[in-house]
Amino acid sequence: MMTKVEKQNKILFYIKGYSTQFLPKQNLEKKINALRKILSKKDLDVAEYRVDYYNKLSEKQKVTHSGTRIKDLKHPKTPKSYYFDTYEYARYFDDNLLID
């Protein structure tokens, strides 16, 4: 038996995506500090272990940038779902950081 994949309503998806540009953005550090206050020491240790595990690099990586900054995401030429998926998380960071 095959599982049915339900598509998301594109109109609602785009409305939500565009609305994030107009809502005030919270500073990521504030969100992290708020989470630290409500999580137990054990939960924090588990979360930090998992972040460290998934973000480890065995050697230095050379990164080249196209010169695109997070603030450039606010004015896409052709917004697609990838754009909104990226902006959902990138909006919490400094607008002048490079992104690829």
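Whatever comes next refers back to the structure up there.
Keep in mind it's a predicted model, so treat the numbers as computed, not measured.

Parameters at a glance
Residues numbered from 1 in each chain as written. Predicted model: local features only at pLDDT ≥ 70, side-chain atom pairs only at ≥ 80, totals over all residues. Heavy atoms only, no water. Axes fitted to C-alpha atoms, helices over the stretch in contact; angles between N-to-C directions. Helix = DSSP H or I, 4+ residues; strand = E, 2+ residues; numbered from the N terminus. Parallel < 35°, antiparallel > 145°, perpendicular 65-115°, else oblique. Left-handed = near helix turned anticlockwise from the far one by under 90°. Contact = heavy atoms within 4.5 Å. Nonpolar A, V, L, I, M, F, W, Y, C, P; charged D, E, K, R; others polar. Patch = residues over 30% accessible without salt bridge, like charges linked within 9 Å, V, L, I, M, F, W, Y side chains within 5 Å. Areas by Shrake-Rupley, 256 points an atom, 1.4 Å probe, with all protein chains shown as cover. Salt bridge = Lys/Arg side-chain N within 4 Å of Asp/Glu carboxyl O. Buried < 20%, exposed > 50% of the residue type's maximum accessible area, 1.4 Å probe, protein only.

Visitor: Before we go on, may I ask you to explain the packing of helix 1 (residues 10-22) against helix 4 (residues 81-90) in this structure?
Guide: To describe two helices that pack against each other, one gives the angle between their axes and the distance between the axes. At a minimum axis separation of 10 Å, helix 1 and helix 4 run at an interaxial angle of 40 degrees. One way to sum up the angle between helix 1 and helix 4 is to call them oblique. The crossing of helix 1 and helix 4 is left-handed. Within the contact between the two elements, helix 1 uses Lys 10, Phe 13, Tyr 14, Gly 17, Tyr 18, Thr 20 and Gln 21 and helix 4 uses Ser 81, Tyr 83, Phe 84, Asp 85, Tyr 87 and Glu 88. Its residues placed into classes, the contact of helix 1 with helix 4 shows 6 nonpolar, 4 polar and 3 charged.

Visitor: Mind showing me how you'd approach a nonpolar patch on the surface here?
Guide: Together, Ile 11, Leu 12 and Ile 15 make up an exposed nonpolar region whose accessible area comes to about 330 Å². Within the fold, Ile 11 resides in helix 1. Judged by its relative accessible area of 61%, Ile 11 falls in the exposed class.

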